[in-house]
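Secondary and tertiary structure notes
Given next are the chains, with one letter for each unit.
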Amino acid sequence: MSDIFVRVIDMPSSVRGYTALDSEGDYNIYINGRLSLSQQMVTYNHERMHILRNDFSDKKTIREAEAV
């Protein structure tokens, strides 16, 4: 389906955010609610970049996806 859902949840301080592709084909962006609003926006843009670059469909490793 390829919709994007954004969720702000409290996570450990070592995690700013992550994106998961679910079984429906939708992207779920999780952003750490403990971050400032400006850092949440930076994190959102970073995670959205992974979607736009097709990091999920290209089967890249996490290291490869984070390299750029």
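Residues numbered from 1 in each chain as written. Predicted model: local features only at pLDDT ≥ 70, side-chain atom pairs only at ≥ 80, totals over all residues. Heavy atoms only, no water.

Moving on, we come to the layout of surface pockets. In this model, the largest pocket occupies a volume close to 370 Å³. Lining the largest pocket are 17 residues, and of these Thr19, Glu47, His50, Ile62 and Glu66 sit closest to its centre. Elements represented by at least two residues in the lining of the largest pocket include exactly β2 (17-21), α1 (37-52) and α2 (62-66). Residue contributions to the lining of the largest pocket peak at 6 residues, all from α1. Here the lining of the largest pocket is composed, by residue class, of 5 nonpolar, 7 polar and 5 charged. (1 Å grid on protein atoms, 1.4 Å probe; cavity = no way out; pocket = protein on both sides within 12 Å on 5 of 7 lines; lining within 4 Å. Points joined across faces, edges and corners; volume = space filled by probe spheres on them. Helix = DSSP H or I, 4+ residues; strand = E, 2+ residues; numbered from the N terminus. Nonpolar A, V, L, I, M, F, W, Y, C, P; charged D, E, K, R; others polar.)

Strand order in this open sheet of 3 strands is β1-β3-β2, and the pairing throughout is mixed. Two strands bound the open sheet, and with one partner strand each, they are β1 (4-9) and β2. Strand-to-strand twist in this sheet, taken as the mean axis angle between neighbours without regard to direction, amounts to 20°. Of the pairings in the sheet, the one linking β2 to strand β3 (residues 27-32) comprises 5 bridges and is antiparallel in character. Across the sheet, the residue bridging to Gly17 is Ile31, located in β3. α1 rests against β1, β2 and β3 of the sheet, and its axis sits at about 155° to β3. (Pairing = 2+ DSSP bridges. Axes fitted to C-alpha atoms, helices over the stretch in contact; angles between N-to-C directions. Contact = heavy atoms within 4.5 Å.)

Remember that the coordinates give geometry; whether it matters functionally is a separate question.
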